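Coordinate analysis (summary)
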Amino acid sequence: TGLAMGVGVGQVMLVLLAAGVVMPAKDPLLNVCMDAKHHKTKPGPEGKLHDQCAPWKDNACCTANTSSEAHKDQSNLYNFNWNHCGLMPPKCKRHFIQDTCLYECSPNLGPWIDQADSSWRRERILHVPLCKEDCEEWWEDCKDYLTCKENWHKGWNWATGTNRCPWGSMCRPFDQVFPRPKDLCEKIWSNSYRYTTEHRGSGRCIQMWFDPAQGNPNVVVAKYYAWKKRSSPAGMENVTPETDKAARDLPWSVLVFLPLALAMLPEGGRCCGSHGWGFL
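A few points on the structure. (Residues numbered from 1 in each chain as written. Predicted model: local features only at pLDDT ≥ 70, side-chain atom pairs only at ≥ 80, totals over all residues. Heavy atoms only, no water.)

Let us now look at the overall build of the protein chain. Counting its secondary structure elements, the protein chain contains nine helices and six strands. Per-residue burial for the protein chain yields a buried fraction of 45% across its 280 residues. Sequence-distant contacts, at least 24 apart, represent 63% of the contacts inside the protein chain between residues at least 6 apart. Approximately 14,800 Å² of the protein chain is accessible, and the part contributed by carbon and sulfur atoms is 56%. (Helix = DSSP H or I, 4+ residues; strand = E, 2+ residues; numbered from the N terminus. Buried < 20%, exposed > 50% of the residue type's maximum accessible area, 1.4 Å probe, protein only. Contact = heavy atoms within 4.5 Å. Areas by Shrake-Rupley, 256 points an atom, 1.4 Å probe, with all protein chains shown as cover.)

Next up, the structure:
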């Protein structure tokens, strides 16, 4: 009857609402710090992050000391020397500092955290979709600097305790080692980043740096890719948000309890025509 159906629909909505209240959505891919050398275990506010790391001060995975070390030519973070082929120009170094701040401080890299087999970290980032402008400006400002290596993660001569060019290598202009912005962003840190044609503000790419007065744009980007990863864990590249927009807009806890809620309907109690539920 209409009354029974109304009661059934009411029961469904009560169960769905209860699911959302009792089990709030806590996504393990969001607002997290990776398990690495200098990261905090959980993100939180840091009052005095240094210079270019300052945008993350309200919610950071790095400490003030880490943010300060990120700005030094000979940082104690990894004993890495930016000036291995002569003095790195300030306009170029600025991008490497921003890259370091993003890596050390950002709590918005969860969808791209991957296992690492290094002695100094258990996790790393892999294929973070970098905004087109961030990658191209990085390349443009560094193209006249010299380097002797394409992959800066490994293969250095560490005999002196800091990185030096391997024996037999030559210092060459950046634009010879990295002919395109894509080469720089994807190769220099072993595919930590992925070059994209997405623009800043699109909600589809990570910015290496941002104006904190405008809020952190990477929060919504992480949410978008966390959804993609849940929808298609095997391949985040091939999922489009239009495939199931209505389901995406419901909290995960609602989706989990939906079959139970539907089972509570009276026998034969279906509504909204031959195409199923109106809110799905």
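From this point, the narrative continues.
In the contact formed by helix α3 (residues 90-105) and helix α4 (residues 132-142), the axes pass within 7 Å of each other and the chain directions differ by 140 degrees. You can see that α3 and α4 cross each other, and the crossing is left-handed. Mapping the contact onto sequence places Lys-91, Cys-92, Arg-94, His-95, Phe-96 and Asp-99 in α3 and Glu-137, Trp-138, Asp-141 and Cys-142 in α4. For the contact of α3 with α4, the per-class residue count stands at four nonpolar, one polar and five charged. (Axes fitted to C-alpha atoms, helices over the stretch in contact; angles between N-to-C directions. Left-handed = near helix turned anticlockwise from the far one by under 90°. Nonpolar A, V, L, I, M, F, W, Y, C, P; charged D, E, K, R; others polar.)

Evaluated as defined, the whole model comprises 19 aromatic pairs. Ring centres of Phe-96 and Phe-174 lie 6.4 Å apart, and the angle between their planes is 85 degrees; on these two criteria the pair is classed as edge-to-face. Here Phe-174 lies in helix α5 (residues 174-177) and Phe-96 lies in helix α3, a separation of 78 residues in the sequence. For Phe-96, a relative accessible area of 0% gives the class buried. Owing to a relative accessible area of 0%, Phe-174 belongs among the buried residues under this scheme. On the numbers, 4.9 Å between centres and 80 degrees between planes, the contact of Tyr-224 with Tyr-225 is edge-to-face. As far as the burial class goes, Tyr-224 and Tyr-225 line up, both buried. What links up through ring pairs into an aromatic cluster is the set Phe-80, Trp-82, Phe-96, Trp-138, Tyr-145, Trp-152, Trp-156, Phe-174, Phe-178, Trp-189 and Tyr-193. Between the NZ or CZ atom of Lys-149 and the centre of the ring of Trp-156, over which it lies, the distance is 5.5 Å. (Phe/Tyr/Trp six-rings, centres within 6.5 Å; stacked < 30°, edge-to-face > 60°. Lys NZ or Arg CZ within 6 Å of the ring centre and 35° of its normal.)

Overall, the coordinates contain 10 salt bridges when judged by the stated rule. One salt bridge connects Glu-150 with Lys-187, and the closest N-O pair in it is separated by 3.5 Å. In this pair, Glu-150 is assigned in the loop between β4 (146-147) and β5 (172-173) and Lys-187 in helix α6 (residues 181-187), connecting sequence segments 37 residues apart. We classify Lys-187 as partly exposed; its relative accessible area is 34%. Across the pair Asp-183 and Lys-187 runs a salt bridge whose closest N-O atoms are separated by 3.5 Å. Separated by four residues within a single helix, Asp-183 and Lys-187 lie in helix α6, roughly one turn from each other. In the salt-bridge network here, residues are joined through shared partners; they are Glu-150, Arg-180, Asp-183 and Lys-187. (Salt bridge = Lys/Arg side-chain N within 4 Å of Asp/Glu carboxyl O.)

Looking now at helix α7 (residues 218-231). Side chains of residues three or four places apart in an α-helix project in the same direction, reflecting 3.6 residues per turn. Under the 1.5 Å per step criterion, the end-to-end length of α7 is 20 Å for 14 residues, consistent within 8% with the ideal 20 Å. Of the positions making up α7, those classed as buried are Asn-218, Val-221, Ala-222, Tyr-224, Tyr-225, Ala-226, Trp-227 and Lys-228. (Expected span 1.5 Å × (residues − 1).)

The backbone phi angle of His-127 is positive, close to 65 degrees, even though this residue is not glycine. Of note, His-127 is situated in the loop between β2 (123-125) and β3 (128-130). The class for His-127 is partly exposed, based on a relative accessible area of 38%. Even without being a glycine, Asn-191 presents a positive backbone phi close to 65 degrees. Position of Asn-191 among the secondary structure elements: in the loop between α6 and β6 (193-195).

On to the side chain of Glu-186. Of note, Glu-186 is situated in helix α6. Engagement of the side chain of Glu-186 in a polar contact is seen with the backbone nitrogen of Tyr-195, the distance being 2.9 Å. The residues touching Glu-186, leaving out its near neighbours within four places in the chain, are Asn-191, Tyr-193, Arg-194 and Tyr-195. (Polar contact = N/O pair within 3.5 Å; in protein donor to acceptor, adjacent residues only side chain to side chain.)

As a further point, take the state of the cysteines. Per the stated rule, a full pass over the model turns up eight disulfides. Note on cysteine connectivity: Cys-33 is disulfide-linked to Cys-61, with sulfurs 2.1 Å apart. Looking along the S-S bond of the Cys-33-Cys-61 disulfide, the torsion reads about -90 degrees, which is the left-handed sense. Residue Cys-33 is located in the loop between α1 (2-22) and α2 (64-69), and its partner Cys-61 is located in the loop between α1 and α2; the two are separated by 28 residues in the primary sequence. Exposure class is identical for Cys-33 and Cys-61. Each is buried. Note that Cys-148 is cross-linked by a disulfide to Cys-165, the S-S spacing being 2.1 Å. With the S-S dihedral at roughly -95 degrees, the linkage between Cys-148 and Cys-165 falls on the left-handed side. (Disulfide = S-S within 2.5 Å.)

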